[in-house]
Amino acid sequence: MKSHTFASVRLLKASMLVSAAIVAFSAQAVAAQEAPPADAADEGEAIVVTGSRPIAESEAAALQVQRNSDSLVTVVASDSVGRLPDQNIAQATGRLPGVAVERDQGQARYISLRGAPNYWTTLSFDGINVVSPEGRDARFDSIPSALAAQIIVSKAVTPDMPGETISGNVNIITRSGLDYDGFHLSGKLGAGQTELGKRGEYEGSLTLSNKFDTNIGEIGILVSGSYYERNMLTDNFEIDWEQVSNDRRPGFESRFWARETENKLYRLTRKNYSISGRIDFRPDPGNVISVRSLYTIFTDDEARDNYIFDLDDRQGDLVANTATCTGGTTTPTTSAYADACINSPFAGTVYGVDINQRSTLRAFRQSVFTNTIEGKHELGENWGLKWVANYTKSIDDRSVVGETRWDSPSTRTLRPTVAYDFTNNNLARVQLFTTNQLTLPTRFSAGTPVTAIDTFTKPLTSFRSLDAVDPTSAYTFKGELSHDTNLFGGETTFRAGFQYDQRTKINRERELLLNSAAQFTAAGIGTTYDQFSLDIPFRGEIPLGYTFRYFDLDAMRDYLERAKTVRGFTPVSGNHYNVRERVLAGYIMANSKFDWGNVVGGVRVEKVTNRGRSLATIPGVVGEIEASSSTTMAFPSLHMNFDVNDDEKLRIGFTSGAARADYDQLRPNVVVNDANQSISGGNPAVKPERAYGVDAYYEYYVQPQGYFMLGAFYKRVEDVLYNSRRTFGSNALDTNGIDRSGYAFSGITNGGSGRIFGFEAAAQIQLEPYVADLGLPDWMGGFGLTANATYNDSEVKKPAIVNAAGVITSPERRVPLPGTSQVVYNVGAYYEKYGLSLRLQYQNRTTWADGFADDLADAGDTYWADDDELDFSARYEISKGFEVYFDASNLLNNPGRRYSDPSNLLNASGIPAVRNGQYTIEWERFGRRYSGGIRVNF
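(A) Region of interest: the overall build of the protein. The secondary structure content of the protein amounts to 8 helices and 48 strands. Out of the 938 residues in the protein, the part that is buried amounts to 57%. Partitioning the contacts of the protein with sequence separation of at least 6, the portion at a separation of at least 24 is 72%.

(B) Spotlight on empty space enclosed by the protein. A complete count under the given rule lists 19 cavities of 30 Å³ or more for this structure. In this structure, the second largest cavity occupies an estimated 180 Å³ of space. Thr-174, Ser-276, Arg-292, Ser-293 and Leu-294 are the residues nearest the centre of the second largest cavity, which is lined by 17 residues in total. Counting residues per element, the ones that place at least two in the lining of the second largest cavity are β10 (217-233), β12 (257-284), β13 (287-310) and β15 (354-379).

(C) Highlighting the state of the cysteines. Counted under the stated rule, the structure contains 1 disulfide. A sulfur-sulfur distance of 2.0 Å marks the disulfide that ties Cys-325 to Cys-341. Between Cys-325 and Cys-341, the disulfide has an S-S torsion of -85° and is therefore left-handed. In this pair, Cys-325 sits in the loop between β13 and β14 (347-350) while Cys-341 sits in the loop between β13 and β14, placing the two residues 16 residues apart along the sequence. Take Cys-341: its relative accessible area is 18%, and that puts it in the buried class.

(D) Main features of the side chain of Arg-267. If you trace the backbone, Arg-267 turns up in strand β12. Setting aside residues no more than four positions away along its own chain, Arg-267 makes contact with Arg-199, Met-232, Leu-233, Asp-301, Glu-302, Ala-303, Asp-305, Leu-534, Tyr-550, Phe-551 and Leu-553.

(E) Seen up close, the environment of Ile-652. The residue Ile-652 is located in strand β28 (residues 648-659) in this model. Not counting residues within four places of it along the chain, the set of residues in contact with Ile-652 comprises Leu-638, His-639, Met-640, Phe-642, Asp-695 and Ala-696.

(F) Structural detail: helix α6 (residues 553-564). Compared with an ideal rise of 1.5 Å per residue, which puts 12 residues at 16 Å, α6 spans 17 Å between its outermost C-alpha atoms and is within 8% of the ideal. Inspection of α6 places Ala-555, Met-556, Tyr-559, Leu-560 and Ala-563 among the buried residues, and these make up the whole buried set. Projected down its long axis, α6 carries its buried residues within an arc of 145°, all on one side. On its buried face, α6 is in contact with β15, β17 (400-407), β21 (460-487), β23 (509-514) and α5 (517-523). At the N-terminal boundary of α6, the capping side chain belongs to Asp-552, with an oxygen 2.9 Å from the backbone nitrogen of Asp-554.

(G) The arrangement of the sheet that holds strand β18 (residues 417-421) in detail. Across the sheet, 4 strands lie side by side as β14-β18-β19-β20; this open sheet has antiparallel pairing. With one partner strand each, in any of the chains shown, β14 and β20 (444-450) form the two edges of the open sheet. If you compare each strand with its neighbour and ignore which way they point, the axes differ by 30° on average. One ladder, built from 4 bridges, connects β14 with β18; its direction is antiparallel. Residue pairing across strands places Val-350 opposite Val-418, the latter belonging to β18.

(H) Focus on the environment of Pro-449. Mapped onto the elements of the fold, Pro-449 is located in strand β20. Put simply, Pro-449 and Leu-432 are 17 residues apart on the chain and 5.9 Å apart in space, counted from C-alpha to C-alpha. For Pro-449, the residues in contact, after removing those within four places along its chain, are Leu-432 and Phe-433.

(I) Fine view of a nonpolar patch on the surface. Taken together, Phe-212, Ile-221, Ile-279, Ile-289, Val-291 and Ile-373 make up a surface patch of nonpolar side chains, about 460 Å² in accessible area. Residue placement: Ile-373 occurs in strand β15. Judged by relative accessible area, Ile-373 falls into the partly exposed class, the value being 35%.

(J) Representation of the confidence of the model for the protein within the structure. On average, residues of the protein carry a pLDDT of 84, and 89% of them reach 70 or more. In this model residues 1-51 is a low-confidence stretch, pLDDT under 50, and it forms 79 contacts with partners more than four residues away in sequence or in other chains. Of the regions scoring below 50 in pLDDT, residues 80-84 engages in 19 contacts with residues more than four places distant in sequence or in other chains.

(K) The arrangement of the side chain of Thr-655 in detail. By the secondary structure assignment, Thr-655 is in strand β28. A relative accessible area of 2% means that Thr-655 is categorised as buried. Ignoring any residue separated from it by four or fewer positions in sequence, one finds Thr-655 in contact with Ala-156, Val-157, Pro-636, Ser-637, His-639, Ala-691, Tyr-692, Gly-693 and Lys-715.

(L) Region of the structure containing unusual backbone geometry. A positive phi is found at Tyr-834, a non-glycine position, where the angle reads about 60°. With respect to the helices, strands and loops of the structure, Tyr-834 is situated in the loop between β40 (823-833) and β41 (836-845). Not every positive phi belongs to a glycine, and Ala-859 is a case in point at roughly 70°. Relative to the elements of secondary structure, Ala-859 occurs in the loop between β42 (848-853) and β43 (861-864). For Ala-859, a relative accessible area of 0% translates into the label buried.

(M) Seen up close, the pattern of salt bridges. Counted according to the given criterion, the structure contains 53 salt bridges. Among the salt bridges present, the one from Asp-247 reaches Arg-255, with a minimum N-O distance of 2.5 Å. The same class applies to Asp-247 and to Arg-255, which are both buried. Between Glu-480 and Arg-495 there is a salt bridge; the shortest N-O distance is 2.9 Å. In this pair, Glu-480 sits in strand β21 while Arg-495 sits in strand β22 (residues 490-507), placing the two residues 15 residues apart along the sequence. According to the relative accessible area criterion, Arg-495 is partly exposed, its value standing at 23%. Salt bridges linked by common partners bring Arg-136, Glu-164, Arg-503, Glu-581, Arg-604, Glu-606 and Arg-660 together as one network.

(N) Molecular detail of the nonpolar core. Counting residues in each nonpolar core, the largest one holds 62 residues, and the members touching the most others are Trp-241 and Phe-309. In terms of residues, this core owes the most to one element, α6, which gives 5 residues.

(O) Representation of the packing of aromatic side chains in the model. Applying the stated criterion to the full structure yields 31 aromatic pairs. Seen in terms of ring centroids, Phe-309 and Tyr-546 are 5.7 Å apart; in terms of plane orientation they differ by 75°. Their pairing is edge-to-face. On the criterion of sequence distance, the pair formed by Phe-309 in strand β13 and Tyr-546 in the loop between α5 and α6 is long-range, its members being 237 residues apart. Accessibility classification places Phe-309 together with Tyr-546 in one group, the buried group. Aromatic pair Phe-594 and Trp-596: ring centres 5.1 Å apart, planes at 5°, arrangement stacked. For Phe-594, a relative accessible area of 22% gives the class partly exposed. Overall, the relative accessible area of 35% leaves Trp-596 in the partly exposed class. Cluster of aromatic residues (ring-pair linked, three or more members): Trp-241, Phe-256, Phe-346, Tyr-420, Phe-422 and Tyr-919.

(P) Spatial organisation of the environment of Glu-201. With respect to the secondary-structure elements, Glu-201 resides in strand β9 (residues 199-214). We classify Glu-201 as buried; its relative accessible area is 4%. Sequence separation of Glu-201 and Arg-929 is 728 residues, and the distance between their C-alpha atoms is 8.7 Å. Beyond its immediate stretch of four places on either side in the chain, Glu-201 contacts Gln-87, Ala-191, Gly-192, Gln-193, Thr-194, Tyr-228, Glu-229, Arg-230, Arg-929 and Ser-931.

Conventions and cut-offs
- Residues numbered from 1 in each chain as written.
- Predicted model: local features only at pLDDT ≥ 70, side-chain atom pairs only at ≥ 80, totals over all residues.
- Heavy atoms only, no water.
- Helix = DSSP H or I, 4+ residues; strand = E, 2+ residues; numbered from the N terminus.
- Buried < 20%, exposed > 50% of the residue type's maximum accessible area, 1.4 Å probe, protein only.
- Contact = heavy atoms within 4.5 Å.
- 1 Å grid on protein atoms, 1.4 Å probe; cavity = no way out; pocket = protein on both sides within 12 Å on 5 of 7 lines; lining within 4 Å.
- Points joined across faces, edges and corners; volume = space filled by probe spheres on them.
- Disulfide = S-S within 2.5 Å.
- Expected span 1.5 Å × (residues − 1).
- Arc of directions from axis to C-beta.
- Polar contact = N/O pair within 3.5 Å; in protein donor to acceptor, adjacent residues only side chain to side chain.
- Pairing = 2+ DSSP bridges.
- Axes fitted to C-alpha atoms, helices over the stretch in contact; angles between N-to-C directions.
- Patch = residues over 30% accessible without salt bridge, like charges linked within 9 Å, V, L, I, M, F, W, Y side chains within 5 Å.
- Areas by Shrake-Rupley, 256 points an atom, 1.4 Å probe, with all protein chains shown as cover.
- Salt bridge = Lys/Arg side-chain N within 4 Å of Asp/Glu carboxyl O.
- pLDDT = per-residue confidence, 0-100.
- Core = buried A, V, L, I, M, F, W, Y, C linked by side-chain atoms within 4.5 Å.
- Phe/Tyr/Trp six-rings, centres within 6.5 Å; stacked < 30°, edge-to-face > 60°.

As structure tokens, then:
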């Protein structure tokens, strides 16, 4: 089945490359002018993006939609999508005011609006909310930007939007054949290279459409496809910190030791590809019926060589002692782990360390298949009807082709002695030595230095394969009736609608596991790493302190086929669940227009019913567990838009919404992930997170083209959702010889109330209109500038944690909202004239919280450090509709860094904190990327 999929991908890639080549060859034969998308044209005077000044013209089209909107929106219009190295929607949207992105492996993935948590942002195609394969955390990296004619980011919620939209909605307006005058063709073909590892990337897209005038009306037909492939390596280290119960020397209250340090060294191939089709039928100006289908896929073939140094393997040898250190020894009676008299938490030597090596080959795949039929009708002079039906199937394939585990034997002298140095936040240094046993059998010392880590004995201890495919099926039916009338001295449009959504997410896992010498022999699987590895050195740049050999991908697949002859896949029943959500909604709203502006207000009422089923994983409980809940909520909203004059607007709005826990968080069981060493638990009784907000924005549209905006926002949040995180600390889930007591456990729960408020500013200006007045030469008219910044401050109450004995283990405290950066800003400069377009863009978001701890077991709360990126693009129009381009991404090449900070928890407990924010737990660098090619547009 997988080989068939790979063949299909190769076929699609080849066909797209050939198609784009044909496009380039036949470009001169095509002539059609590009018109704006229908949604933009409906808002007033049309602005045509012809391609001669694509940046300026597309910005003008975006500002037109934004200016005429009845609520607060920002827009990416037509040709500006793809102007920078924006292969996915997250990256393209990240240029807008108040938009921050979260990255994975250096690639933009999630969107956060005005610094709020990413699950407050919903995703929709042409106004219909789409469930991401992962669930409510809408993933935008799986959606190619080539699909979009416009991206409209709504920051002000109206009653016709689902109640789960709190901070805003990202609406992807797809292209239609009716958008263009006759035949239209556009395409892109390019290739490039990633700096780290010198690996290739490839991209191509093709869109064909036509509009036909027939005896029964206009018919628009559009088909498109896109492909993007990125091959890459990563530099990585990770450290897991812990408090050690036997570390009783003075100062232990705020001392944390590295339980393990590791390198996860990835070889990745990521692909995005999409196919879409659309037919629009417009029998007359007042009626349109649209049928559209879109299939988009994101794949991540991940080969991970993971070397874990288990520093706390013999933690139990340390004897608790509260006396002050008087001196150290180089030949301790323990491994020297957590011995404050010999080592410090950030530099020292541990003797006889266990190497836990993991070789993992994943075949990650996410897909969205969404199908919609929609109608818009004028019923008489003052009545209108809209209806839509949608079916979407999302699939999250988390399968692991194979994972081998290689572990050091128990004999200490066959293990390495590890000298560690964590004093630099951006590098975890290790040096390896042989381990010598001294005369006394309990004493050891460092022997000769070792460079090649694979010379240490590490026999195979297990082979595992996982088949995990989680489908989500969603049905949406929506109808709306509108009526135009005169009321309150102005023109008023009343709208009343209903919506029904049903979403069902299913999790099913099957596992194949071999973990004995007899099984390895029966399968004919080699048990030494030399038989499994390639004679290829490390291709990254981080100084590891040792050399290693990559594992052989073909050998992993061969191991899987051999393992199947011994054992079959068996269900992992503890990870099975079926969660269904039904939402029945109704809304009424009105839009009244006056000489001074307009008012949009109304209310939405939703009844949400959840039902979760799973197999029990709780000791003493047998069979299936079912839990259900139901809530009914009302979401009022009001927006007032004042036309100060022809060029200035003042917007004031009130909104409300509710974020619901994700589907897997509503299941009545726990999920164990051995690959990530984590356990997550469901909570079907968790309540929605309610939010109420107000906005006030001033907008100034500079003539003939430019923009300035200044705004403020405030949201009150109740029953805050947050993940409770701690070490599992129990052997209740140990199976197949795997100790899971040290796994990280997380589960959703409700906290107290809180708030988020902030300010937002944006400016956009072009020099062209002022060149003559300033006496500047004509060539300087090509310069333009865009800038935006958002500041926010958030605070929510995290309740106290009380153990079974009634003792407060974690006091009540105030923490920021998860995922909120205090400052987010973008600065961009461009030059565009004489067919040449150059653009440089910088993005930055400050530190944001990742999770809050219930205790100090893992060194406290976790945060992501500041994230910034600098990108450059250039293009030159050789002839009308034909251009060459060059893109450079991630020019700063700064790492992604996540760290633990115990200071909040320590201070809340009355314990002075030390070394705040210095406990790096994850560090990765991805390298710069360069690509170039051709684009055509006719």
